[in-house]
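The lines below spell out each chain.
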Amino acid sequence: MTSSTRRPPHGNRGDLFDPQCPTRRLLDRIGTKWTSMTIKVLAEASPQEVRFAELQRRMAGVSQKMLSVTLQGLARDGLVSRRVEASVPPRVYYGLTPLGATLEEPLARLREWAEEHMAEVDRANQRSQERTADD
């Protein structure tokens, strides 16, 4: 569909095929493995909050910096709340906002699809590597 035949967006809804549409940036942010894991951990704890260290412990392989960047982005987007408890050292807690909670279901379906089809994707990758090696 060309830009001249595309339907205009409705209301505040974005248009993924418009290069200037912020929907693309949002999908870049919510489409990462770290975002998906963060949302899952926070959804499982909801309505309780989770401390930063607990999030990191439950997300094997995530660096402190990557988790921090992920949480900052999710908080900026209004998907995650951040609460600092005045103590030494300060305790920082995270929870899902109502908007963030709406993201758990679609991300859960995507995670399920990935887990269900990973073996097929691995086989396709292996075949592709074998064809490349033969060329």
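A quick note: this is a predicted structure, and the numbers were derived from the prediction, not measured.

A. Fine view of the packing of helix H2 (residues 33–45) against helix H5 (residues 98–134). Two elements in contact, H2 and H5, have axes separated by 9 Å at closest approach and are oriented at 120°. Judged by the angle between their axes, H2 and H5 are oblique. Every pair of crossing elements has a handedness; the one defined by H2 and H5 is left-handed. Of the residues in H5, those in contact with Ser36, Ile39, Lys40 and Ala43 of H2 are Gly100, Leu103, Glu104, Leu107 and Arg111.

B. Highlighting the sheet that holds strand E3 (residues 91–96). Strands sit in the order E1-E3-E2 across an open sheet of 3 strands; the sheet is antiparallel. Each having just a single partner strand, strand E1 (50–51) and strand E2 (80–85) make up the two edges of the open sheet. Relative to E3, E2 runs antiparallel, the two sharing 6 bridges. The residue bridging valine 84 from the neighbouring strand is valine 92, located in E3. Packing against the sheet, H2 makes contact with E1, E2 and E3, and its axis sits at approximately 90° to E3.

C. View of the nonpolar core. Membership of the largest hydrophobic core comes to 21 residues, with the highest contact counts inside it found for Leu42, Leu55, Met59, Leu67, Leu71, Val80 and Tyr94. Of all the secondary-structure elements, those providing two or more residues to this core are H2, helix H3 (52–58), helix H4 (64–76), E3 and H5. In terms of residues, this core owes the most to one element, H2, which gives 5 residues. Excluding anything up to four places from it in sequence, leucine 67 contacts Thr38, Phe52, Leu55, Gln56, Met59 and Val62.

D. Focus on the side chain of threonine 70. With respect to the helices and strands, the residue threonine 70 is situated in helix H4. On the basis of relative accessibility, which here comes to 9%, the residue threonine 70 falls in the buried class. Those residues in contact with threonine 70, other than ones at most four positions away along the chain, are Trp34, Thr35 and Thr38.

E. Expanded view of the packing of H2 against H4. Where H2 contacts H4, the two axes come as close as 10 Å, and the packing angle between them is 70°. On the basis of the axis angle, H2 is roughly perpendicular to H4. Listed contacts from H4 to Trp34, Thr35, Thr38 and Ile39 of H2 are Met66, Leu67, Thr70, Leu71 and Leu74. Considering only residue class, the contact of H2 with H4 consists of 6 nonpolar, 3 polar and no charged.

F. Expanded view of the packing of aromatic side chains. Considering all chains together, one arrives at 0 aromatic pairs under this definition. For the cation-ring pair, arginine 83 lies above tyrosine 93, with the distance from its terminal atom to the ring centre recorded as 4.4 Å.

G. How the structure looks around the environment of cysteine 21. Along the polypeptide, cysteine 21 turns up in the segment before helix H1 (23–30). Apart from the residues within four sequence positions on either side, cysteine 21 is in contact with Gly14 and Asp15.

H. Main features of unusual backbone geometry. Residue proline 47 is bonded to the preceding serine 46 through a cis peptide linkage, with omega at 15°. Position of proline 47 relative to the elements: it lies in the loop between H2 and E1. Note that the residue after valine 88, namely proline 89, is joined by a cis bond; omega there is -10°. Here proline 89 shows up in the loop between E2 and E3.

Reading guide: rules and limits
- Residues numbered from 1 in each chain as written.
- Predicted model: local features only at pLDDT ≥ 70, side-chain atom pairs only at ≥ 80, totals over all residues.
- Heavy atoms only, no water.
- Axes fitted to C-alpha atoms, helices over the stretch in contact; angles between N-to-C directions.
- Helix = DSSP H or I, 4+ residues; strand = E, 2+ residues; numbered from the N terminus.
- Parallel < 35°, antiparallel > 145°, perpendicular 65-115°, else oblique.
- Left-handed = near helix turned anticlockwise from the far one by under 90°.
- Contact = heavy atoms within 4.5 Å.
- Pairing = 2+ DSSP bridges.
- Core = buried A, V, L, I, M, F, W, Y, C linked by side-chain atoms within 4.5 Å.
- Buried < 20%, exposed > 50% of the residue type's maximum accessible area, 1.4 Å probe, protein only.
- Nonpolar A, V, L, I, M, F, W, Y, C, P; charged D, E, K, R; others polar.
- Phe/Tyr/Trp six-rings, centres within 6.5 Å; stacked < 30°, edge-to-face > 60°.
- Lys NZ or Arg CZ within 6 Å of the ring centre and 35° of its normal.

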